[in-house]
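Chain by chain, the residues:
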Amino acid sequence: MTERRYTREHEWITVDGDVATVGITDFAQEQLGDVVYVELPAVGRKVTRGGEAAVVESVKAASEVYAPLSGEVVAVNEALAQEPATVNADPFGKGWFLKMKLADRGELDGLMDEKAYRAFLAESH
Amino acid sequence: MRYLPLTQEDRRAMLATIGVASIDDLFVDVPPSARLAAPVDLPLHQGEIEVERTFRAFAAQNLGTTGVPCFLGAGAYRHHVPASVDALIQRGEFLTSYTPYQPEVSQGTLQALFEFQTMVAMMTGMEVANASMYDGASATAEAVLMANRVTRRTRAVLSGGLHPHYRDTVVTYARYSDFRIEALPLDPEGREDLAARLDGDTSCLVVQYPGFFGHVRDLAPLAQKAHAAGALLVVVVTEAVALGLLETPGAMGADIVVAEGQSLGIPLSFGGPYLGLFATRDRYVRQMPGRICGETTDAEGRRGWVLTLSTREQHIRREKATSNICTNSGLCALAFTIHLALLGEAGFERLARLNHEAAIRLADRLASVKGVEVVNDTFFNELTLRLARPAALAVDALADARILAGVPVSRLAPEDKASENLLLVAATELTTDQEIEALATALGGVLS
């Protein structure tokens with residue numbers, strides 16, 4: 001499995017073989033506040049990099065979650081329907097949103113690594 | 001601010017400012033063929049007495065629904081509205097600004113809307129209802145959009161037993177979208193096979209109950225087939241009183257129930273304002289359009305009401321909101337709630353029974369009229385007649401005799417020539433045996 005990569009919209013992604021797991025970062029969940037609902041895409045849906053893939057709703061706002069890379073959704077985290085607060089409690093673990101089969105692994109290079117994301121956070125917030 | 005029209009001096013000053021000589025100069029870019037050749041011939045102003053006299057004379061040309069035998073229906077019904085409904089909805093406690101955003105100043109209105117939602121959920125047999133929509137037709141269109149969101153599919157199939165105006169409203173909503181609407185031809189006999197139109201991209205079947213032509217069908221088999229194909233069943237009710245007697249759509253497996261609420265507490269008043277009811281299953285609540293009131297507790301633990309699940313709505317979700325309607329029919333919802341509360345559960349059922357009994361008497365009497373065939377084998381308070389001549393002609397003739405004989409199907413679906421002789425007749429708790437006799441006699445005269 002690759003190390004976590006990040007987007008400027010505060011999604012994270014890890015890749016195992018050609019399947020990637022996507023979620024939102026600790027910073028994102030903290031900014032949103034208590035998550036009350038997560039709307040996930042249908043399995044089989046094709047998403048493109050930067051396109052809307054899911055919606056996360058907190059007591060404060062509803063926000064889109066964008067696909068970090070292009071591909072096809074192969075699984076979604078059904079457990080979030082019952083326990084949306086998992087996104088707050090364990091954003092990088094049990095709070096994952098979806099798994100997708102990547103169309104082009106090369107797109108990974110366009111994302112930030114841990115160090116770059118930390119620098120991005122420090123600089124922009 | 002003054003509410004007086006502009007003076008000639010005002011006009012001159014404005015025209016001078018923009019540098020034109022007359023108002024007509026502003027229209028020079030409009031081709032002469034599209035302009036009026038001469039000024040519109042309007043009478044000058046009149047005094048209040050003269051205006052009242054003129055308009056009373058106009059109004060006297062109407063044949064109102066009170067005081068004459070009236071069998072009009074087709075989505076708007078002549079029912080009794082208790083005088084107490086009007087008295088109560090005008091009480092100061094219910095006066096509030098347009099939409100109750102602020103719970104701290106709108107508890108009365110919010111509580112009434114919460115009770116309204118509870119009543120709608122109970123009478124439709126569903127789990128959750130919103131605080132109302134504009135009317136039954138727009139609620140139907142919203143139901144189709146919601147079914148598309150829930151199923152992530154784009155094709156809706158409308159029954160030929162759906163009110164033609166409702167059908168047209170859905171088609172209008174879908175016109176500039178990627179959604180496809182398949183509207184089946186009018187189905188006066190109530191025999192269509194709606195389930196046969198299901199395919200892998202069907203988001204919902206939309207069926208009216210009782211149907212536009214009055215038929216009452218068990219929808220459970222249709223619900224099962226829709227669900228097996230991954231589609232939702234949307235049930236439309238245009239006569240809410242029917243729900244006092246019939247099996248609820250929820251019990252038959254409906255996923256979304258929409259209705260016109262005019263029959264309870266709301267006068268006919270030339271066709272509006274009316275009241276859209278909208279109910280669905282808990283699991284779909286986040287895809288539901290419209291405002292929702294919820295019960296909660298305040299900082300001191302006391303019961304109170306607020307608008308809830310607002311993240312579905314425009315002021316938060318913007319263009320991704322579930323609907324572009326951010327309001328409800330508050331006053332009509334209040335009248336509905338008060339009327340239904342006055343009736344109570346048993347009273348609601350009795351009212352429905354009175355309606356059905358009157359319709360049975362109507363059907364039995366009309367079946368004996370030469371030139372009249374009763375189409376329905378089932379009905380609630382409205383049914384379809386096949387006449388020996390075009391229904392519109394018969395209705396006109398009976399209007400001259402001061403009888404409102406019903407709604408010719410051609411009035412609502414002029415394109416459907418096969419329906420030319422079909423007449424919808426409705427009976428309610430206000431229908432008397434004398435009225436039925438007057439209709440039967442006059443209709444017999446016109447058709448012989």
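Residues numbered from 1 in each chain as written. Chains lettered and ligands numbered in written order. Predicted model: local features only at pLDDT ≥ 70, side-chain atom pairs only at ≥ 80, totals over all residues.

Assigned secondary structure in chain A consists of four helices and nine strands. Order of helices (α) and strands (β) in chain A, N terminus to C terminus: β-β-β-α-β-β-β-β-β-α-α-β-α. Rg of the C-alpha trace for chain A: 13 Å, near the compact-globule value of 14 Å for 125 residues, within the 12% margin. In chain A, buried positions account for 32% of the 125 residues. (Helix = DSSP H or I, 4+ residues; strand = E, 2+ residues; numbered from the N terminus. Rg over C-alpha atoms; globule rule 2.2 N^0.38 Å. Buried ≥ 20, exposed ≤ 12 C-beta atoms within 10 Å, placed from the backbone.)

The next subject is the overall build of chain B. Looking only at helices and strands, chain B has 12 helices and 13 strands in total. The globule rule puts the C-alpha radius of gyration for 448 residues at 22 Å, and the 25 Å found for chain B is close to it. If you line up chain B on its principal axes, its C-alpha atoms span 75 × 70 × 50 Å. When burial is assessed residue by residue, chain B has 44% of its 448 residues classed as buried. For chain B, the share of sequence-separated contacts (at least 6 apart) that also reach a separation of at least 24 residues comes to 72%. (Contact = placed C-beta atoms within 7 Å.)

With five residues of chain A at the contact, the number on the chain B side is five residues. Considered class by class, the residues forming the side of chain A that touches chain B number four nonpolar, no polar and one charged. (Nonpolar A, V, L, I, M, F, W, Y, C, P; charged D, E, K, R; others polar.)

Residue and element names in this part refer to chain A. Strand order in the open sheet formed by three strands is β4-β6-β7, and the pairing between neighbours is antiparallel. Looking at which strands have only one partner, the edges of the open sheet turn out to be β4 (35–39) and β7 (62–66). Looking at each pair of strands side by side, their axes are set apart by 25° on average, direction ignored. Sheet topology places strand β6 (residues 52–58) next to β7; five bridges connect them, and they run antiparallel. Following the sheet pairing, Glu52 is matched in β7 by Tyr66. (Pairing = 2+ DSSP bridges. Axes fitted to C-alpha atoms, helices over the stretch in contact; angles between N-to-C directions.)

Before going further, it helps to examine the domain arrangement of chain B. All names here are of chain B. Examined at the domain level, chain B breaks down into domain 1 (83–339) and domain 2 (345–447). Distance between the C-alpha centres of domain 1 and domain 2: 28 Å. Counting from both sides, the interface comprises 16 residues of domain 1 and, opposite them, 21 residues of domain 2. Across the side of domain 1 that touches domain 2, the residue classes break down as 10 nonpolar, four polar and two charged. (Domains from an automatic or database assignment.)

Attention shifts here to helix α10 (residues 391–400) of chain B. Residue and element names in this part refer to chain B. Residues of α10 that are buried: Ala391, Ala394, Val395 and Leu398. Seen from one end, α10 has its buried residues packed into an arc of 100°, which puts them on one side. Positive phi shows up at Arg402, right after α10, with a value of about 60°. (Arc of directions from axis to C-beta.)

Here we take up the packing of helix α5 (residues 136–151) of chain B against helix α6 (residues 164–174) of chain B. Residue and element names in this part refer to chain B. In contact at an axis separation of 8 Å, α5 and α6 are set at 45° when each is read in the N-to-C sense. It follows from the interaxial angle that α5 and α6 lie oblique. Note that α5 runs across α6; the crossing there is right-handed. Touching Gly136, Ala137, Ser138, Thr140, Ala141, Val144 and Leu145 of α5 are His165, Tyr166, Thr169, Val170 and Tyr173, all from α6. Of the residues assigned to the contact of α5 with α6, the class counts are seven nonpolar, five polar and no charged. (Parallel < 35°, antiparallel > 145°, perpendicular 65-115°, else oblique. Left-handed = near helix turned anticlockwise from the far one by under 90°.)

Moving on to the sheet that holds strand β12 (residues 407–408) of chain B. Residue and element names in this part refer to chain B. Reading across the sheet, the four strands line up as β10-β11-β13-β12 and stay open at both edges, with antiparallel pairing between neighbours. The open sheet terminates on both sides in strands that have one partner only, identified here as β10 (372–374) and β12. Of the strand pairs in this sheet, β12 and strand β13 (residues 422–426) are connected by two bridges, and their pairing is antiparallel. Bridge pairing in β13 places Val407 opposite Leu424.

Moving on, we get to the pairing of strand β3 (residues 180–183) of chain B. All names here are of chain B. As paired elements, strand β2 (residues 155–158) and β3 share four bridges and run parallel to each other. Within the sheet, the bridge partner assigned to Arg155 lies in β3 and is Arg180. Read from β2 through α6 to β3, the crossover connection turns out right-handed. (Right-handed = clockwise from strand over helix to strand, strands pointing away.)

Core analysis: the biggest nonpolar cluster contains 121 residues, and Leu205, Val206, Leu233 and Val234 of chain B have the highest contact counts within it. Sorting elements by how many residues they give to this core places helix α9 (residues 330–367) of chain B first, with 15 residues. If you count residues domain by domain, this core takes at least three from each of domain 1 (83–339) and domain 2 (345–447) of chain B. In contact with Val234 of chain B, other than residues within four places in its own chain, are Ala143, Val144, Ala147, Cys204, Leu205, Val206, Asp255, Ile256 and Val258 of chain B. Membership of the second largest hydrophobic core comes to 26 residues, among which are Ala20, Val73, Leu80 and Leu98 of chain A. (Core = buried A, V, L, I, M, F, W, Y, C linked by C-beta atoms within 7 Å.)

So, on to the packing of α9 of chain B against helix α12 (residues 433–447) of chain B. All names here are of chain B. Closest axis-to-axis distance for the α9/α12 pair is 10 Å, and the angle between their directions is 25°. Taken together, α9 and α12 sit at an angle that is classed as roughly parallel. Read as a crossing pair, α9 and α12 show a hand that is right-handed. Every residue of α12 that contacts α9 at Arg361, Leu362, Arg365 and Leu366 is listed here: Asp433, Ile436 and Ala440. Residue classes in the contact of α9 with α12 are distributed as four nonpolar, no polar and three charged.

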